[in-house]
Amino acid sequence: MPRAGLTTERVVAAAADLADEAGFESVTVSALARRFGVKDASLYTHVRNLQDLRVRVALLAGGELIEEIAAAVAGRAGKESLAAFAGAYRSYALRHPGRYAATQIRVDQSVAAGSPALRRTAEITYGMLHAYGLTEPDLTDAVRLLRSTFHGYCALEAAGAFGAPRDVQASWEKAVDALHVALEHWPRERTDAA
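Per chain, residues are indexed from 1 in the order of the written sequence. Given that the model is predicted, a residue must reach a pLDDT of at least 70 before its local features are reported, and side-chain atom pairs must reach 80 or more before they are shown or counted; all residues, however, enter totals for whole chains, interfaces and linings. Hydrogens are left out, water is left out, and the side-chain values use all remaining heavy atoms of the structure.

A. Looking closely at the overall build of the protein. Under the scheme used here, helices are H or I runs from DSSP no shorter than 4 residues and strands are E runs no shorter than 2 residues, and both carry numbers assigned from the N terminus. The secondary structure content of the protein amounts to 10 helices and zero strands. Listing the helices and strands of the protein from first to last along the sequence gives α-α-α-α-α-α-α-α-α-α. Projected onto its principal axes, the C-alpha positions of the protein cover 65 × 45 × 35 Å. Note on classification: 1.4 Å probe, protein chains only; a residue is buried when its accessible area is under 20% of the maximum for its type, exposed when over 50%, partly exposed between these limits. Here the protein, with 194 residues, has 40% of them falling under the buried criterion. Of the contacts formed within the protein by residues at least 6 apart in sequence, a portion of 67% connects residues at least 24 apart. Note on areas: Shrake-Rupley with a 1.4 Å probe; residue coverage comes only from the protein chains shown. As displayed, the protein offers around 10600 Å² of accessible surface, 55% of which is attributable to carbon and sulfur atoms. Charged residues are defined here as Lys and Arg on the positive side and Asp and Glu on the negative side; His and the ends of the chain fall outside this count. Here the site of a charge means NZ on Lys, CZ on Arg, CG on Asp, or CD on Glu. Here the protein contributes 22 positive and 23 negative side-chain charges, whose respective centroids are spaced 5 Å apart. Should any heavy atoms of two residues lie within 4.5 Å, those residues are considered in contact.

B. Just the layout of surface pockets, in detail. Method remark: on a 1 Å grid restricted to protein atoms, a set of points is classed as a cavity if a 1.4 Å probe fits but cannot get out and as a pocket if it is open with protein on both sides within 12 Å along at least five of seven lines; lining residues have an atom within 4 Å of a point. Grid points are joined across faces, edges and corners, and a volume is the space filled by probe spheres set on the points. Its boundaries defined by the atoms lining it, the largest pocket holds a volume of some 970 Å³. Forming the walls of the largest pocket are 27 residues, and the residues nearest its centre are Thr-103, Leu-118, Thr-121, Val-143 and Arg-147. Ten residue types, Ala, Val, Leu, Ile, Met, Phe, Trp, Tyr, Cys and Pro, are classed as nonpolar, four, Asp, Glu, Lys and Arg, as charged, and the remainder, Gly among them, as polar. For the lining of the largest pocket, the per-class residue count stands at 17 nonpolar, seven polar and three charged.

C. Layout of unusual backbone geometry. Backbone torsion omega between Glu-136 and Pro-137 reads 5°, so that peptide bond is classified as cis. Counting through the fold element by element, Pro-137 comes out in the loop between helix H8 (116-130) and helix H9 (138-158).

D. Molecular detail of the pattern of salt bridges. What counts as a salt bridge is simple: a side-chain nitrogen of Lys or Arg found within 4 Å of a carboxyl oxygen of Asp or Glu. A complete count under the given rule lists 12 salt bridges for this structure. Taking the shortest distance from any N to any O, the salt bridge between Arg-99 and Glu-64 comes out at 3.0 Å. With a gap of 35 residues between them, Arg-99 in helix H6 (residues 97-102) and Glu-64 in helix H4 (residues 50-73) connect regions that are remote in the sequence. Of the charged contacts, one joins Arg-95 and Glu-68 as a salt bridge, the two residues approaching to 2.6 Å between their closest N and O atoms.

See the structure below:
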């Protein structure tokens, strides 16, 4: 029988808070049970196992992230949309390090297919890139370029790895400018037989 006051939503939200406070790898069923003052077994009414808990945190965080991005890019196109997208991404990653780390785990395709947040992420990201005239397979390549650039920059910034005296924000803006130029001059995949 579920413990009074505990719901799956509360358990996942607490796990996301714990991730931000102590790091995503610190999210365990035992740590969460201690937070609620219950035995581990009490949480298994709400999550199947640690992997299920972590995937639920990833989906929660992914939903939060895309909502912030969606609000930032609304009514924008081209470089302005890219800059808004990038800024919202970076802001979320730096404000919510544990939640952000959760968004980087691989989620099973069957779970991803059923996630409204992940579908919305694809819609918004691909919509922004369609404005650059990209189609598949170039869309997938461009998404990978953006994700790896944003993630790498955010990870290095969060770790304090940028030691040069140049302002980190100025470098970020220059990186976004460079991505815009790359997207405008994308080397298109040839589909005709040469």
